[in-house]
Amino acid sequence: MKDTDNYCVRCGEPFTEHGPLNKILENAGQLNLEKFLERFELCQKCRAQVFAERLIGNRLEKVRGSQHTPKRRRKKLRTIQTDTRVGSTVYKSECFTCNQGCDALVHVKDGKVIRVEGDPSSAVTQGTLCCKGLASKELLYHPDRLVRPLKRVGKRGEGTWQRISWDEALDTITDRFHEIERKYGENSIALATGTNRGWVRYFSRFANAYGKQWIGPGIAQCFYPRMTGEILVLGSNAIENPQYDHTQCMLVWGVNPTNTWPVKGLGMMEARSRGAKMIVVDPVFSEAASKADMWLQIRPGTDAALALGMLHVIIEEELYDKEFVDKWCFGFKDLMGRVERYTTSKVEEITWVPGSKIRMSAVMYATTKPASITQCLSIDQNADTISTSRAIAMLAAITGNIDVPGGNLMSMPMKEHHRSKETLSDYLTKEQHEKRLGSKEYPFLAGEACILQPSAHNHAVWQAILTGKPYPVRAIYCQGSNIIAGYANTRMVIDALRSLDFFAVADFFMTETANVADIVLPVATWMERSSVTHNDQTSINNFHLQQKIAQIGECWSDFKILNELAKKLGFGERMFPDDEAYLDFLLEPSGMTFQEFKKVGVISVPYSFKKYEARGFNTPSRKIQLYDNRLKDLGFDPLPNYREPTESPVSTPELAKEYPLIITTGGRVPVFRHSELRNIQILRELVPELLVSINPKTAEQFGIDDGSPVILESPRGSMDAKAYLTEGIDPRVVQVPSHWGGKNNVNRIMDNESCAPMIGSIQHRCQLCRIRRKG
Amino acid sequence: MSQKILFIDVDNCVRCYACEIACRQEHGLTFDTKSRWCQVMAVEPRWAENELHMDFVPTMCFQCDDPICAYFCPVDAISRSEDGIVVVDEDTCVGCKLCIYGCPYGVMFYNEVKGVAGKCDLCTSRIHHGLEPACVQHCIGGALQFVTREELTVLTAQRHTLSVGTVSYASSKWKLTELF
């Protein structure tokens, strides 16, 4: 049989035609293969693509068809069972490939994990699991995993390592920390963390018990701003917890849930199938936007103006819940005065969203009851993040959508210790609060005003390392963070890290960051540890079980590393002797030990609504704070306001002549988690390269074709990418996914100096850049 | 046995790739096998009636009534089972790749590790075990459902539909066109 090389008429790639086609066609005459002849000129991949395009076609004929929510199977829960098909033992656990925590079943055969699946008994995931979680086995057994502690033997960053014992590794960290503390003072040691997979409070406990400050990329520009904003307004988080079961209208703000939060994506899509309305705010035509009834294509970074404009419409047209506002909202008149200036025409000018769409979406949200809001990271990365999240929370507040079925639910009273008992935050002294880097500029991040766990501001830490001001920081212990990929202004970050006297990193892989460390510790992934998990972002009313199933090399769980390091550093008694002792402590209020919990597998509390009716909201006025005296006392605006991005065609027209495009970064793809999983081949093949989304008109202007290599530049530096031409983005904007490494790292061109007031968020979503073809 | 239908609601697909990876895990299709029995294809953003549209189409073997791949197979390794599923007998297959070349939909794959052809078998072993196909169980958007013919009638009422073999596509937006 002879193989002939053919070229696909669609993509031009060569493919092989096997054997004598004509003969086969003759023999298969009865199949009427003529109609397929065209397909035989295509490669295998293009055949599937052409099928998809032909199937959809171009005849848009909307029908009022009934959509149906799929019937999800519910199986009875057993924490360990057997799969008789292949004779594998199946353990119930909790996937922590991201930090969300989804119920998963792990199939083990002959001591090896053979498969990870969704758990059909789960009320939360309903048997689903995202592609990242499904690929957990590839993460667990990845040949590049760190499996033993390493010590640097060559020059810093050179990549020459020697295997050492855990004892030696922890002793080295302890000795070096003591030495540096003696030389530069107790504040010269800092801690760093990133993706916390169910151990954020434990890391805080470690920091507080040790008396050291810490930084995390997910603090000033992820989660904390929106938490702070909504807790200021509502006294609890609620906007973070949309209840999809009964919602009739979803305002999906700057998030593509099926990519970033598959569990929320599941709820959102089920509600949509039921017929709930969907409004999506996104500068990019995302998967969520493509499913929306209304897509508001916003100028990046102007979310606060849009929210204030919607508030204006709702108040002006008297669509708010008068009874609820009278009874439960404080400062409504003040808010009314503030939103006066945010007329639809003014907001259209700021946000680029047509005034008619602003009005229609505001009316749709306010009059369709109950309505929920889904928000995420994007509102944490503009010029005034707390104002943005406060304004969005107020949309839910004045329409009476707080803590009602189908609205946004407040946190549930779960059987757990008070947070201060868990994090030992009472150990912190006034002096420590004041000394924390960034505490004066950003009190809600680094000062005593911080509502969650206070942490240092990243820019201030890099400056302290590089300049020694206000005091020197000379050593960092980093657990679970690829700092170089995660923080803006890569050059400054790398300079700072490389100039440290001592740097220790705990991670799964030898990341760019671990590569410049002195000591590297191997960490267990989720299948190699036990835990009790509760994450509001997944479900507000469940505790889940994670049970240890595998052990790779000498990897330790995050808990164990912190426990053992604390023992060496001399404060072991403030932590726990081992993982299980900590888990027993977590379960204490429920009256269970971890061993007992292992048999139960889940603790659920039924949903409760209108929890505020008993004792009011957890704010000074016991009401929803539309106007906030606490902010006024700290010298900030007591009402939400819009602040123009520090760099923009409006605020810096001169700079915009040189750097004419708005760059928005951080949009997620489904297959990666932050800087992770790019080394998992079956995921990487789905998104092999970094693509910058650019409108074809803009591309033409700069001589860029689809797929051409491009260079993006800003005053901070330059980066490489490949162009992806799409109608789904405004010609004045480019979108670049974040967390890629090396020259593809978008943080090489991002500024970290001009931050949002109160909390110090970096404006990842709204800076300026220019683009050109490479070469 | 009354054959169930793999119902694909293209309006609900969000390209989350859960089906693809679930399929690879279920069937042990490691990266080296170069086999993607289930693939989500994207129809990129385009304008229609002043609106931007973007769509996603999960593709897999349709278990054709008259499977073309079977005609191409020189050793008769491909046949239809009682369940109506087109099965590749791995022991008979000689790895000549003719079926891959012959499949007009690009859903037959050559398993580089095993050296044989392979494709979606609708998770036969899962179904016999009382489970749904892996792609269906893990579908986050609710685009994939495994239903009886009666359920299908309800699900496709008043909607544009197009059926091939045991797969039935539906949309409330696009008049799904003829395949060729």
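Q: How do you make sense of the overall build of chain B when you look at a structure like this?
A: Check the secondary structure of chain B and you find 6 helices and 10 strands. The C-alpha atoms of chain B give a radius of gyration of 16 Å, which matches the 16 Å a tight globule of 180 residues would have. Over its C-alpha atoms, taken along the principal directions, chain B stretches across nearly 50 × 35 × 30 Å. When burial is assessed residue by residue, chain B has 59% of its 180 residues classed as buried. Pairs at least 24 apart in sequence give 57% of the contacts found in chain B among residues at least 6 apart.

Q: Help me out: how do you make sense of the overall build of chain A in this one?
A: Helix and strand content of chain A: 31 helices and 28 strands. For chain A, the C-alpha radius of gyration of 27 Å lies close to 28 Å, the compact-globule estimate for 775 residues. Across chain A, contacts joining residues at least 24 apart in sequence account for 72% of those joining residues at least 6 apart.

Q: Would you take a moment to explain the pairing of strand E10 (residues 167–171) of chain B for this structure?
A: Looking along a regular strand, one sees side chains alternate from face to face of the sheet. Residues and elements named next belong to chain B. A large share of E10 lies buried, amounting to 5 of its 5 residues. The alternating pattern of E10 places Val 167, Tyr 169 and Ser 171 and Ser 168 and Ala 170 on opposite faces, both of which are buried. Pairing analysis gives 4 bridges linking strand E1 (residues 5–9) to E10, with the strands arranged parallel. Pairing of Asp 9 across the sheet is with Ala 170, part of E10. Relative to E10, strand E9 (residues 160–164) runs antiparallel, the two being bridged by 5 bridges. Across the sheet, the residue bridging to Thr 161 is Ala 170, located in E10.

Q: Whenever I open this one, the interface of chain A and chain B confuses me. Can you help?
A: It is common to give the size of an interface as the accessible area lost on bringing the parts into contact. Each side of the interface is counted separately: chain A has 68 residues, and chain B has 67 residues. Looking at the side of chain A that touches chain B element by element, the count peaks at 11 residues for helix H2 (residues 44–56) of chain A. When its residues are assigned to classes, the side of chain A that touches chain B shows 28 nonpolar, 22 polar and 18 charged.

Q: What should I look at first to understand the packing of helix H5 (residues 166–184) of chain A against helix H24 (residues 558–569) of chain A in this one?
A: All names here are of chain A. Between H5 and H24, the least distance of the axes is 9 Å, while the angle of their chain directions is 45°. Considered as vectors, H5 and H24 are oriented oblique to each other. Where H5 crosses over H24, the handedness of that crossing is right-handed. Along the contact surface, H5 presents Leu 170, Asp 171, Ile 173, Thr 174 and Phe 177, while H24 presents Glu 564, Leu 565, Lys 568 and Leu 569. Tallied by class, residues from the contact of H5 with H24 come to 5 nonpolar, 1 polar and 3 charged.

Q: Help me understand the sheet that holds strand E5 (residues 102–109) of chain A, please; the structure alone is not making it clear to me.
A: Backbone hydrogen bonds are what pair the strands of a sheet, in a parallel or an antiparallel way. Residues and elements named next belong to chain A. The antiparallel open sheet is built from 4 strands, whose spatial order is E3-E4-E5-E6. If you trace the sheet from one side to the other, it starts and ends with strand E3 (80–83) and strand E6 (112–118), each paired once. When the angles between neighbouring strand axes are averaged without regard to direction, this sheet yields 35°. The sheet contact formed by E5 and E6 spans 6 bridges and is antiparallel. For His 107, the partnering residue across the bridge sits in E6 and is Arg 115.

Q: Looking at this structure, how should I read the domain arrangement of chain A?
A: What the domain assignment reports for chain A is domain 1 (3–56), domain 2 (150–221 + 425–525 + 554–574), domain 3 (224–398) and domain 4 (653–773). Distance from the C-alpha centre of domain 1 of chain A to the C-alpha centre of domain 2 of chain A: 57 Å.

Q: Is there a simple way to think about helix H15 (residues 344–351) of chain A in this case?
A: Count 3.6 residues to each turn of an α-helix, and residues three or four apart come out pointing the same way. Residues and elements named next belong to chain A. Taken together, the buried positions of H15 are occupied by Thr 344, Val 347, Ile 350 and Thr 351. When H15 is viewed along its axis, its buried side chains cluster within an angular range of 120° and face the same direction. Elements in contact with the buried residues of H15: helix H12 (303–316) and helix H16 (355–367). Positive phi appears at Trp 352, one or two residues downstream of H15, with a value of about 70°.

Q: Hey, could you run me through the sheet that holds strand E20 (residues 542–546) of chain A in this one?
A: Residues and elements named next belong to chain A. Strands sit in the order E19-E20-E21 across an open sheet of 3 strands; the sheet is antiparallel. With partners counted over all chains shown, the strands left at the sheet margins are strand E19 (531–533) and strand E21 (602–604), one partner each. Averaged over all pairs of adjacent strands, the angle between their axes in this sheet comes to 15°, without regard to strand direction.

Q: Explanation requested: the pairing of strand E9 (residues 189–193) of chain A in the structure shown.
A: All names here are of chain A. Counting buried residues in E9 gives 5 out of 5 residues, a clear majority hidden from the surface. Judged by which residues are buried, E9 turns out to be covered on both faces: Ile 189, Leu 191 and Thr 193 on one side and Ala 190 and Ala 192 on the other are all buried. When E9 meets strand E16 (residues 475–479), the two strands line up parallel, connected through 5 bridges. By the bridge assignment for E16, Ala 192 is matched with Cys 478. Pairing geometry for E9 and strand E10 (residues 213–215), over 3 bridges, is parallel. Looking across to E10, one finds that Ala 190 is bridged to Gln 213. Between the parallel pair E9 and E10, the chain is carried across by helix H6 (residues 200–210), and the sense of this crossover is right-handed.

The rules behind these values
Residues numbered from 1 in each chain as written. Chains lettered and ligands numbered in written order. Predicted model: local features only at pLDDT ≥ 70, side-chain atom pairs only at ≥ 80, totals over all residues. Helix = DSSP H or I, 4+ residues; strand = E, 2+ residues; numbered from the N terminus. Rg over C-alpha atoms; globule rule 2.2 N^0.38 Å. Buried ≥ 20, exposed ≤ 12 C-beta atoms within 10 Å, placed from the backbone. Contact = placed C-beta atoms within 7 Å. Pairing = 2+ DSSP bridges. Nonpolar A, V, L, I, M, F, W, Y, C, P; charged D, E, K, R; others polar. Axes fitted to C-alpha atoms, helices over the stretch in contact; angles between N-to-C directions. Parallel < 35°, antiparallel > 145°, perpendicular 65-115°, else oblique. Left-handed = near helix turned anticlockwise from the far one by under 90°. Domains from an automatic or database assignment. Arc of directions from axis to C-beta. Right-handed = clockwise from strand over helix to strand, strands pointing away.

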